[in-house]
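In case you want the letters, here they are:
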Amino acid sequence: MVRTASAPRWPLVVMGIALMAAVLSMAVAVLPDRSDVAVGRVAGAPLLRLAAGSSGLSAGDGCPASTGRIPLSGGVHLLVHDGVRRSYRLAVPADYDGRFSYPVVFDFHGFKADAALEDQRSRLGVAGAGRGFVVVTPDALGTPRRWNTMSDPGKADDIGFVDALLTDLASRFCLDGRRVYATGHSNGAEFAAALVCRSDRFAAVAMVSSTFEARCPAGRAPATMAVHGTADPSVPYGGGLVVGSSARVPAALAVIRAYADRYGCNLTPLTARPAAGIVTRSYIGCAAGGEVLFDTVVGGTHLWPASPEARRDPHDSAAGRTFDATGAILDFFTVPGPPNLSPNVAPDGRLVPPRG
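Residues numbered from 1 in each chain as written. Predicted model: local features only at pLDDT ≥ 70, side-chain atom pairs only at ≥ 80, totals over all residues. Heavy atoms only, no water.

### Details of the pairing of strand 2 (residues 84-91)
Then, in step 1: The pairing of strand 1 (residues 75-81) with strand 2 spans 7 bridges and is classified as antiparallel. Pairing of Val 76 across the sheet is with Arg 89, part of strand 2.
Then, in step 2: Turn length for the strand 1-strand 2 hairpin, with the two strands adjacent in sequence and antiparallel, is 2 residues, and the turn residue Asp 82 shows positive phi of about 55°.
Then, in step 3: Note that strand 2 and strand 4 (residues 134-138) share 4 bridges and pair antiparallel. Each bridged residue has a counterpart across the sheet, and for Arg 89 the counterpart in strand 4 is Thr 137. (Pairing = 2+ DSSP bridges. Helix = DSSP H or I, 4+ residues; strand = E, 2+ residues; numbered from the N terminus.)

Right under this line is the structure:
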């Protein structure tokens, strides 16, 4: 059999190069035309704390072309749960376009308050949306309003309401199920702490003016933060009776240390004084890479630090009037580790000279 010569290879090489160029051109065409947008996360934002469990939302690298229903605009909205119309406030980042998955933070108001007042106090709607978070501020039920922290039967199913609300929002927006967070003030802080233990859809929690003893089931150790004033007259920092209640709470430092112990953290905290009157204690090395962080506001009252009320209150300390607790909370949800920490702060907030 006569062996024939091979055909010249150059035409094939040229065709291959042309095909690759066409594919790359198509890929570039579908990418955002902004150089500051990173695929799979909020534009320009660092990676956020991630939940270990599955939540049923997007896994973080974007969503299908359509998530179903038309996204909602910012403002007040209603959701019917258990036959009851429940209200909530919504704040959406200005650059949201549905192409990439966004983190979510729920902000829960305190006893006798409501979502509008919480939004005014924490300013999380403006600050969070400005940093790329979808912010949800729901209303509790009751007269006066109160979150059903202990899931008492016969009272509002608030855990179920939040779950249904998150599911509904996920059908309208491109949300990252690994980056769902909870915060709140006073009774709202207690509810947020209980919520993240009962739902694996949340990656982290931040409590303000209440260090609530929530006990998560084995295997769950969400990143946990608290902000508490030493002069809080309602939920005593040093432990004691809650104002207007027969309930007695332990000292805030003991509660935070108990969190660190249950979550397998290093029980010797790293400490820092990031601003006058603020002591930060960070327990690191926790299970699943978590962290327990505690910001003590020396002389701070029960008010949300730096809120309009706190700035006007002559009984609040300078730290309570000026500490940006909202920014610190968003930093905690964003930054994976404690910055600039040292061991030279005493438990009461005083700086201690290095030994030797």
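Moving on, there is more to tell.
### With respect to helix 5 (residues 187-198)
Then, in step 1: When the terminal C-alpha atoms of helix 5 are compared, their 17 Å separation across 12 residues agrees well with the 16 Å that a helix rising 1.5 Å per residue should span.
Then, in step 2: The buried count for helix 5 comes to 11 of 12 residues, which makes it a mostly enclosed element.
Then, in step 3: Every buried residue belonging to helix 5 is among Asn 187, Gly 188, Ala 189, Glu 190, Phe 191, Ala 192, Ala 193, Ala 194, Leu 195, Val 196 and Cys 197, and all of these are buried.
Then, in step 4: Among the structural elements, strand 3 (102-108), helix 4 (158-170), strand 5 (175-185), strand 6 (204-208) and helix 6 (252-262) are those in contact with the buried residues of helix 5. (Expected span 1.5 Å × (residues − 1). Buried < 20%, exposed > 50% of the residue type's maximum accessible area, 1.4 Å probe, protein only. Contact = heavy atoms within 4.5 Å.)

### Description of the layout of surface pockets
Then, in step 1: Estimates place the volume of the largest pocket at around 900 Å³.
Then, in step 2: What lines the largest pocket is a set of 38 residues, and nearest its centre among them are Phe 111, Arg 146, Asn 187, Glu 190 and Val 242.
Then, in step 3: Of all the elements in the fold, those that place two or more residues in the lining of the largest pocket are helix 2 (115-122), helix 5 and strand 9 (248-249). (1 Å grid on protein atoms, 1.4 Å probe; cavity = no way out; pocket = protein on both sides within 12 Å on 5 of 7 lines; lining within 4 Å. Points joined across faces, edges and corners; volume = space filled by probe spheres on them.)

### Let's talk about the pattern of salt bridges
Then, in step 1: Enumeration over the complete set of coordinates arrives at 11 salt bridges.
Then, in step 2: Its salt-bridge partner being Arg 178, residue Asp 176 comes within 3.4 Å of it at the nearest N-O pair.
Then, in step 3: Of the residues examined, Asp 176 reaches a relative accessible area of 0% and is grouped as buried.
Then, in step 4: In this structure, the salt-bridge partner of Asp 176 is Arg 179, at a minimum N-O distance of 2.7 Å. Side by side, Asp 176 and Arg 179 carry an identical accessibility label, which is buried.
Then, in step 5: It is possible to trace a salt-bridge network through shared partners that takes in Asp 176, Arg 178 and Arg 179. (Salt bridge = Lys/Arg side-chain N within 4 Å of Asp/Glu carboxyl O.)

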